[in-house]
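Below, each chain spelled out in residue letters.
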Amino acid sequence: MGNTAVVVGGGIGGLAAAIGLRRIGWQVTVVERASVLDDAGAGISLAANGIRALDELGVGEAVRAASRGQYSGGTRTPEGGWLARMDGAVLEKAVGTPIMGIPRATLHRLLRASLPAETLLVGSEAGSVRQIGPGTVRVGCGDTVLDADLVVAADGIGSKVRDRLFPVHPGPVYSGSTVLRAITGQPVELRTDFELTWGHGAEFGHIAFRDGRAEWHAVLNLPAGTRFADPLAELRRRFRTWHDPIPALLDATRPGTVLHHDVNELRAPLPSYTVGRIALLGDAAHAMTPNLGQGACQALEDAVTLAAALAAEPTVEAALARYDAERRPRSQAVARAARQAGWMGQQLSHPLAVALRNTAMRLTPSRAAVRMILRHHGWVPPRLS
């Protein structure tokens, strides 16, 4: 019998971890508390580092085929003026791929398709995770008990496994922003693949998909827990004077499909991503604000790095030490950069600060902007084969 692992959480990071572990010969069970995998979510942008990780997991080609490259667009003011333009062809030349836009539901399905159906244990919550011996971790799922050589906790920002491992850690905190998002119910005529528009304490953006539909999101500086009786009506009111295609995107959205979540983050960095034979991965380890579009990409990096360490090191303990040493500094640096990007972007509300930011962006050479992007996108994965 080979090495066995239990992955707690069937999201992007958990599924990617399961694929990586199976590629190096481990037997894997994914425990997912949802009884129905309805693939809730809007859209996602995958940068080169995330695409490379997917390539190493063997699903990059399928993801590319279902995605749309973001070649045109940039950042605008509410009146429609450009603060910065994005040239996806330049980025593609630098890192091998443009940023790719894909519905989250599609990405989830493609990841699941790379795993045998019996790998997924749905409708089961990991009620307890504890190490019962030097080489065994026990996961209790109701009446089911799973013993494994390794547990990967990919149970999201509200990770219960993390809370048990680090009981004095403050956990996730509210960033000050809340986000509403949806995918249009039908194709929308767009002139660009991707846009962000920054106002005073507000942002509106879109990602175009291969089938002509688009994901849009609106980020607002509001108290935590704020909700609207009619989200679409509220957004039409707030963005009524903003440039096209914002009104068209809202008009193409079916009522009842708008998702609304407060943006939380792990502002206090964890002292370790591993305890014994338990490894934290993705948002459970380093939940960050979405301002750099790196949350899912960092989880994919985690998955490949963990599998590569387990394949290369003589013991699980040595592999987890390597995983922590490689992933914690980088992912926590990206989280800090995402937080800073939010402060200088959507969260700015003072008119003078907004004016200074806008002037600085207009004066920034495109080469400098590409260099900033490459700091995060240029990651190269370790080989699994």
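This text gives an overview of the structure that appears in the document. Since the structure is predicted, the reported quantities are computational estimates derived from the model, not experimental observations. (Residues numbered from 1 in each chain as written. Predicted model: local features only at pLDDT ≥ 70, side-chain atom pairs only at ≥ 80, totals over all residues. Heavy atoms only, no water.)

Here we come to the sheet that holds strand β14 (residues 194-198). Within a sheet, neighbouring strands are paired by backbone hydrogen bonds and run either parallel or antiparallel to one another. Taken in spatial order, the 7 strands of this open sheet run β6-β5-β14-β15-β16-β13-β17, and their pairing is mixed. Each of the sheet's edge strands pairs with one partner strand only, and the pair in question is β6 (82-87) and β17 (259-265). Direction aside, the axes of adjacent strands within the sheet are offset by 20° on average. With 6 bridges joining them, strand β13 (residues 173-183) and β17 adopt antiparallel strand pairing. Directly across from tyrosine 174, in β17, lies its bridge partner asparagine 264. (Pairing = 2+ DSSP bridges. Helix = DSSP H or I, 4+ residues; strand = E, 2+ residues; numbered from the N terminus. Axes fitted to C-alpha atoms, helices over the stretch in contact; angles between N-to-C directions.)

This part covers the pairing of strand β2 (residues 27-32). Here strand β1 (residues 4-8) pairs with β2 via 5 bridges, running parallel. Bridge pairing in β2 links threonine 4 to glutamine 27. In this fold, β1 hands off to helix α1 (residues 12-23), which returns the chain to β2; that crossover is right-handed. Direction of pairing for β2 relative to strand β8 (residues 120-122): parallel, over a ladder of 3 bridges. By the bridge assignment for β8, valine 31 is matched with leucine 121. (Right-handed = clockwise from strand over helix to strand, strands pointing away.)

A word on helix α11 (residues 316-344). Here α11 contains 29 residues, and its C-alpha end-to-end distance of 41 Å stays within 8% of the 42 Å for a straight helix at 1.5 Å per residue. Residue arginine 327 marks the point of greatest curvature in α11, where the axis turns by about 30°; the proline proline 329 follows within four residues. (Expected span 1.5 Å × (residues − 1). Bend = angle between axes of the 7 residues up to and from the residue.)

Another point: the packing of aromatic side chains. The relation between two aromatic rings is expressed through the spacing of the ring centres and the mutual angle of the planes. Per the counting criterion, the structure on display carries 3 aromatic pairs. Between the aromatic rings of phenylalanine 204 and phenylalanine 239, the centroid separation amounts to 5.3 Å while the plane-to-plane angle is 70°, which identifies the pairing as edge-to-face. With phenylalanine 204 in strand β15 (residues 202-208) and phenylalanine 239 in the loop between α7 (231-238) and α8 (246-251), this residue pair connects regions lying 35 residues apart in the sequence. Comparing phenylalanine 204 with phenylalanine 239, the two get one shared label, buried. Taking 4.6 Å as the distance between ring centres and 90° as the angle between the ring planes, the aromatic pair formed by phenylalanine 239 and tryptophan 242 counts as edge-to-face. (Phe/Tyr/Trp six-rings, centres within 6.5 Å; stacked < 30°, edge-to-face > 60°. Buried < 20%, exposed > 50% of the residue type's maximum accessible area, 1.4 Å probe, protein only.)

The strand order across the open sheet built from 3 strands is β9-β10-β11, with neighbouring strands paired in antiparallel fashion. What marks the edges here is a single partner per strand, and that holds for β9 (128-133) and β11 (144-148). Between one strand and the next, the sheet's axes are offset by a mean angle of 25°, whatever the strand orientation. Here β9 pairs with strand β10 (residues 136-141) via 5 bridges, running antiparallel. The residue bridging glutamine 131 from the neighbouring strand is valine 137, located in β10.

Further remarks concern the pairing of β6. Strand direction decides the pairing type here: strand β5 (residues 72-76) and β6, joined by 5 bridges, are antiparallel. Residue serine 72 lies in a different strand from β6, and its bridge partner there is aspartate 87. With antiparallel pairing between neighbouring strands as the criterion, β5 and β6 make up a hairpin whose turn holds 5 residues, including glycine 80 at a positive phi of roughly 110°.

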